[in-house]
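Chain by chain, the residues:
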Amino acid sequence: MAQIPESLQKVRFYQTGTLTVGNRLLDAEHRSVQATLDRSNSLDSGHRACQGCGEALGARFAIDAAMRATDNRLIAANATGCLEVFTTPYPETAWSVPWIHSLFGNAAAVGAGIAAAMKAKGRKDVRVIAQGGDGGTTDIGFGCLSGMFDRNDDVLYICYNNEAYMNTGVQRSSATPGAARTATTMPVGKDPGNAFNTGKSVPLIAMAHLIPYVATASVHDLHDLEHKVTKAMGVRGSRYIEIFVPCPLGWGSKPSDTVKIARLAVECGLFPLIEAEHGEITGVTKIRSKTPVADYLKLQRRFAHVLKPDNAHQLEQLQAIADRNISRFNLVDDQGGQE
Amino acid sequence: MKTPFAITLDVGSSLLNKTGSWRTERPQYLDRLPPCNHACPAGENIQQWLYLTEEGRYEEAWRQIMDDNPFPAVMGRVCYHPCETSCNRGQLDEAVGINAVERFLGDQALINEWRMEAGTSTGKRVMVLGAGPGGLAAAYHLRRMGHEVTVFEASPQAGGMLRYGIPKYRMPREKLRAEVARIEQMGVALQLDTRIDDVLAARDEGAFDAVFLAIGAQLPKRVDIKGNGEPPVLDAVTVLRNTELEQTTGLRGQVVVYGGGNTAMDVGRSAVRLGAKKVTVVVFEAREHMPAHEFEVTEAREEGVTLICLRAIREVHGDTVTLEKMVPGEGRWPQPTGQFENLSADVVVQALGQNVDTALVDALTGVRTAEGVVQVGADMQTGCAGVFAGGDMIPSQRTVTTAIGHGKKAARNIDAYLRNGAYQAPEKHEVVNFDMLNTWYYSDAPRTVRPMLNVMRRQSGFAEIVGNIDQEAATFEARRCMSCGNCFECDNCYGVCPDNSITKLGPGLRFKFKYDYCKGCGLCVSECPCGAIKMIPEDI
């Protein structure tokens, strides 16, 4: 079930194994793309993302891996959102890949169009990525995305999920979790923050389209993320990857905690790392050491009210969601975690 | 310039946008002091030699040890490894088995006959008194600095307490002999069976420019015990020395050892091996306040040594030892109760510590002694110019490793003295504590267990009881090192920077910040596993 390639599983013990970005004791082939001197730095310095931006990090991780997998023959279409705004204030761009922005809601359609054009030109070598934030994916671009899945267009769609509309001022999206404070779900009343039992899981919806490949990844587990992007680029047809990218500004967290928060979200069970092919789950990344959700929540001001005694019921609800994910996806190994 | 329809400006790169101006704090790479290095009395750079061992660079690792300590094979056996006690990994799972790796490297050097060279000759001559660990370490370092060194030793063999104090089952003599021989091969002259009584006369006669005294603490401390001389009351120093010289030790029948330190354990365990019927160690202190190391006590008991704590020996008469029961008093000092009990014995050995024979220094003008030990300055120099001292004869912990550390420190100061200068120790870096690490990144790995000889064989002879670990195990154990405070090039900072503002310089060259773009988010600091980056406020 584990998604780590067989070659990596043979790593018996090399100080940090493959947990760090690189490892001087490993063969070069077992190190990550990010560890190489010649990584493409698809999203280069000088962009205007906030300090400690998870999305900027996730985008460079993903696109660099895709560049490596496609031998640098890659075109990216981008939805409106932070990722577009902070990288490309006209006429500057931080992208070192062919890159296009059209509308908030049509990145999937633009990507599908590019793929069709490449097919018409007979350029099988050129691959296409469409990308956006959770707002542009789960809400505004959802129709185009579903259509792309439906037609099985040869596009990898990457959603950088930071659980709200950050670019416009932290408004709720359909990826915002229960109890989270946003500008439109203020922590007031008996059930402060975003209402529970709302929103949707696009990875599961993508699976329901029976597309060739669906995965979730997180900026804290680079090897897992790169493996999934590389695998996705090795497949034709519609593919979807959702990457968990903490947002210091919108979540009220320290910029230096971005990776830690992503790690805790996965380790507590709130963001399960899964892989699915043609609608069937084919792999889960096991939790290494299970953590209570409170450890994850307490680093973020958007959940500050949840940890107050009055709102203990919200903490219980969030823990119940994490526990359900753990049992549903079998995230905890019987032997006590994965190494 | 012609641009496409509706486009008025050429494409520019974001590299024009120097986001470094946003920063209020800057990350900075630094080397912090790992707790193992900090705790090592010999001042070894343990983290560094483990780092080299991780990559299989055993000879380089060994040479790294040799920069500070000429006895890796010895230390890998007898050191009480304060490095492991302070190891940060101890707070994660178990401390790194540093001592076992040191032994592996030390033995590799003996197998492969790795050698050390003397330094370029300075023409200066140094006299060292005492061929124990302190004296030999000083001689070794001085020789590497290019000085001529002669070591005078009163005993027939070199090694000091390593030979005449520590039993063979912990310190096999062939390893000691080999490491001493390696120092001799560098050109250090060893004059055995030579007792010096007049330091200055010997110095002038040999035309020496400086003197290092390291004669140790050889005189047994004794308490007066009432009795008629039967059974005999011996002392540990003599018993252990006679064991080494294979002379009659007097250990027979029922042996009672008086003392709670490591030496008491050495005597008790030697008595077991020499065929004593029953060995009892009588300890004045409470069990938890015994000065002996826990593993010594455990191993002694495994071998059949009985321990009686909170007892004072009051009288030895006929075949009976009279003990007074004690109770814990204020602090650690036990108080008498007036209740007595008897123990039968054929021989009693006092193992209550040793004093320094100060007769040698009493003749030297200017040398001050206090509380039975020689006083030295920060430069290890006594009050007599050009006469330095170290090891057990000066105030110290009285361990082999401490003596070796003294030898190194004295050598540096003697060298400075000979060059008419003063040794300036480099400033110490900040010590890394556990909270500075991000231990999530280290693979789970239990400590390697060193093989132990079975108890039957331990009881019947002086064979070495702690076994070797093989190359694979030594490399594994070295790789358990978390490299506290010293970059091990895991690429984490290079990877986790959202602003791509770190340059990787390539193997062995580490990394560099691009301060033009670093926004000062601090992610590199949080995600550095080993605490080798620090945030520093910017002057704004």
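Residues numbered from 1 in each chain as written. Chains lettered and ligands numbered in written order. Predicted model: local features only at pLDDT ≥ 70, side-chain atom pairs only at ≥ 80, totals over all residues. Heavy atoms only, no water.

K.L.:
Looking at this structure, how should I read the overall build of chain A?
P.N.:
The helix and strand inventory of chain A stands at 12 helices and nine strands. Compactness check: chain A gives a C-alpha radius of gyration of 19 Å against a globular reference of 20 Å for 339 residues, within 12% of the reference. With the principal axes as the frame, chain A shows a C-alpha extent of 60 × 50 × 40 Å. Of all 339 residues assigned to chain A, the portion counted as buried reaches 61%. Of all intrachain contacts in chain A linking residues separated by at least 6 positions in sequence, the fraction that spans at least 24 positions is 70%. Looking at chain A as shown, the accessible area adds up to about 12800 Å², and 53% of this sits on carbon and sulfur atoms. Of the charged side chains in chain A, 35 are positive and 34 negative, and the gap between their average positions amounts to 2 Å. (Helix = DSSP H or I, 4+ residues; strand = E, 2+ residues; numbered from the N terminus. Rg over C-alpha atoms; globule rule 2.2 N^0.38 Å. Buried < 20%, exposed > 50% of the residue type's maximum accessible area, 1.4 Å probe, protein only. Contact = heavy atoms within 4.5 Å. Areas by Shrake-Rupley, 256 points an atom, 1.4 Å probe, with all protein chains shown as cover. Lys, Arg positive; Asp, Glu negative; His and termini not counted. Charge placed at Lys NZ, Arg CZ, Asp CG, Glu CD.)

K.L.:
Just to check I follow, could you spell out the nonpolar core for this structure?
P.N.:
Nonpolar side chains tend to gather and get buried jointly when the protein is soluble and globular. Formed by 88 residues in total, the largest nonpolar core has its most connected members in B:Trp49, B:Leu50, B:Leu213 and B:Ile414. Sequence-distant contacts of B:Trp49, defined by excluding residues within four places in its chain, comprise B:Glu44, B:Ala61, B:Gln64, B:Ile65, B:Ile98, B:Val101, B:Glu102 and B:Leu105. Core analysis: the second largest hydrophobic core is formed by 69 residues, A:Ala66, A:Ala94, A:Phe244 and A:Cys247 among them. (Core = buried A, V, L, I, M, F, W, Y, C linked by side-chain atoms within 4.5 Å.)

K.L.:
Just checking my understanding: could you explain the sheet that holds strand S12 (residues 306-308) of chain B for this structure?
P.N.:
Strands pair in a sheet through their backbones, by hydrogen bonds, and they do so in one of two ways: parallel or antiparallel. Residues and elements named next belong to chain B. Taken together, five strands build an open sheet; the order of strands is S9-S16-S10-S11-S12 and the sheet is parallel. For this open sheet the edge positions go to strand S9 (233-235) and S12, each flanked by a neighbour on one side alone. The sheet shows a mean angle of 25° between the axes of neighbouring strands, direction not considered. Relative to S12, strand S11 (residues 278-282) runs parallel, the two sharing three bridges. Counted as the bridge partner of Val282 is Ile308 from S12. Running over the sheet, helix H11 (residues 236-244) touches S9 and strand S16 (347-350) and is turned about 70° from S9. (Pairing = 2+ DSSP bridges. Axes fitted to C-alpha atoms, helices over the stretch in contact; angles between N-to-C directions.)

K.L.:
Could you clarify how one ought to interpret the interface of chain B and chain A in this entry?
P.N.:
Reports often express the size of an interface as the amount of accessible area lost when the parts come together. Contacts between the two partners involve 55 residues from chain B and, on the opposite side, 49 residues from chain A. When the area that chain B buries against chain A is broken down by residue, the three leading residues are B:Trp440, B:Arg479 and B:Asn500, summing to 17%. The interface formed by chain B and chain A holds four salt bridges in total. No other element matches the four residues that helix H18 (residues 492-496) of chain B contributes to the side of chain B that touches chain A. Judged from the two bridges that link them, strand S2 (residues 92-93) of chain A and strand S1 (residues 12-13) of chain B form a sheet pairing that is parallel. The residue bridging A:Thr93 from the neighbouring strand is B:Ser13, located in S1(B). (Buried area = accessible area lost by both parts, 1.4 Å probe. Salt bridge = Lys/Arg side-chain N within 4 Å of Asp/Glu carboxyl O.)

K.L.:
Where do I start with the packing of helix H3 (residues 58-66) of chain B against helix H6 (residues 98-112) of chain B in this structure?
P.N.:
Residue and element names in this part refer to chain B. Where H3 meets H6, the closest approach of the two axes is 9 Å, and the angle between their N-to-C directions is 105°. What the angle tells us is that H3 and H6 run roughly perpendicular. Contact with H3, carried on its side by Tyr58, Ala61, Trp62 and Ile65, involves Glu102, Phe104, Leu105, Gly106 and Ala109 of H6 and no other residues of that element. Taken together, the residues of the contact of H3 with H6 break down into seven nonpolar, one polar and one charged. (Parallel < 35°, antiparallel > 145°, perpendicular 65-115°, else oblique. Nonpolar A, V, L, I, M, F, W, Y, C, P; charged D, E, K, R; others polar.)

K.L.:
Teacher, can you tell me more about the domain arrangement of chain B here?
P.N.:
All names here are of chain B. Domain annotation for chain B reports domain 1 (5-31 + 487-537), domain 2 (125-218 + 355-418) and domain 3 (223-353). For domain 2 and domain 3, the distance between their C-alpha centres works out to 31 Å. Listed as interface residues are 11 residues of domain 2 and, on the opposing side, 12 residues of domain 3. The contact between domain 2 and domain 3 buries some 1100 Å² in all, and 47% of this surface belongs to carbon and sulfur atoms. (Domains from an automatic or database assignment.)

K.L.:
What am I meant to see in the pattern of salt bridges here?
P.N.:
If charged atoms from side chains of opposite charge come close, those side chains can pair. All names here are of chain B. Applying the stated rule across the entire model yields 57 salt bridges over all chains. Residues Lys18 and Asp516 are paired through a salt bridge, measuring 3.9 Å at the closest nitrogen-oxygen approach. Placement of the pair is Lys18 in the loop between S1 and strand S2 (25-29) and Asp516 in the loop between strand S22 (511-513) and helix H19 (523-527), with a sequence separation of 498 residues. On the basis of relative accessible area, Asp516 is assigned to the partly exposed category, the value being 44%. Measuring nitrogen to oxygen at the nearest pair gives 2.9 Å for the salt bridge that ties Arg32 to Glu430. Highlighted residues: Arg32 in the loop between S2 and helix H1 (35-39) and Glu430 in the loop between helix H15 (400-418) and helix H16 (455-460), separated in sequence by 398 residues. Residue class for Arg32 comes out buried when judged on its relative accessible area of 8%. For Glu430, a relative accessible area of 35% corresponds to the partly exposed category. One network of salt bridges, in which partners are shared, links Arg170, Asp266, Arg269, Arg273, Glu296, Glu299, Glu302, Glu303 and Arg458.

K.L.:
When you look at the environment of A:Phe61 in this model, what are you seeing that I'm missing?
P.N.:
Residues and elements named next belong to chain A. Locating Phe61 in the fold gives a position in helix H2 (residues 54-69). On the basis of relative accessibility, which here comes to 1%, the residue Phe61 falls in the buried class. Separated by 119 residues in sequence, Phe61 and Ala180 have C-alpha atoms that sit 27 Å apart.

K.L.:
Where do I start with H6(B) in this structure?
P.N.:
In an α-helix there are 3.6 residues to a turn, and that puts residues three or four apart on one side. Residues and elements named next belong to chain B. Between its first and last C-alpha, H6 extends 21 Å over 15 residues, near the 21 Å set by a 1.5 Å rise per residue. Three or more residues of H6 are buried, namely Ile98, Asn99, Ala100, Val101, Glu102, Arg103, Phe104, Leu105, Gly106, Asp107, Gln108 and Ala109. With its phi angle positive at about 55°, Glu113 sits one or two positions after the end of H6. (Expected span 1.5 Å × (residues − 1).)

K.L.:
Is there a simple way to explain the pairing of strand S6 (residues 213-218) of chain A in this structure?
P.N.:
Along any regular strand, the residues point their side chains to alternate faces of the sheet. All names here are of chain A. Burial of S6 is extensive: six of the six residues sit out of reach of the surface. Both faces of S6 are covered, namely the face carrying Tyr213, Ala215 and Ala217 and the face carrying Val214, Thr216 and Ser218. In this structure, S6 lies alongside strand S7 (residues 239-244), joined through six bridges in parallel fashion. Looking at S7, one finds that Ala215 is bridged to Ile241. Remark: the S6/helix H8 (residues 222-233)/S7 crossover connection has right-handed handedness. Pairing of S6 with strand S8 (residues 274-277), which is carried by two bridges, proceeds in the antiparallel orientation. What sits directly across from Val214, in S8, is Ala276. (Right-handed = clockwise from strand over helix to strand, strands pointing away.)

K.L.:
Would you explain the packing of aromatic side chains in this entry?
P.N.:
The relative placement of two aromatic rings is captured by the distance of their centres and the angle of their planes. If you walk through the whole model with that rule in mind, you get 20 aromatic pairs over all chains. Here B:Phe388 and B:Tyr417 contribute two aromatic rings whose centre-to-centre distance is 5.6 Å and whose plane-to-plane angle is 75°, an arrangement assigned as edge-to-face. Taken as a pair, B:Phe388 in strand S20 (residues 387-389) and B:Tyr417 in helix H15 lie far apart in primary sequence, 29 residues in all. The class for B:Phe388 is buried, based on a relative accessible area of 0%. Using a relative accessible area of 30% as the deciding quantity, one classes B:Tyr417 as partly exposed. Cluster of aromatic residues (ring-pair linked, three or more members): B:Tyr29, B:Tyr494, B:Phe511, B:Phe513 and B:Tyr515. The aromatic ring of B:Trp440 is capped on one face by A:Arg263, whose charged end is 4.8 Å from the ring centroid. One residue, B:Arg241, lies across the ring of B:Tyr164, its end atom 4.4 Å from the ring centre. (Phe/Tyr/Trp six-rings, centres within 6.5 Å; stacked < 30°, edge-to-face > 60°. Lys NZ or Arg CZ within 6 Å of the ring centre and 35° of its normal.)

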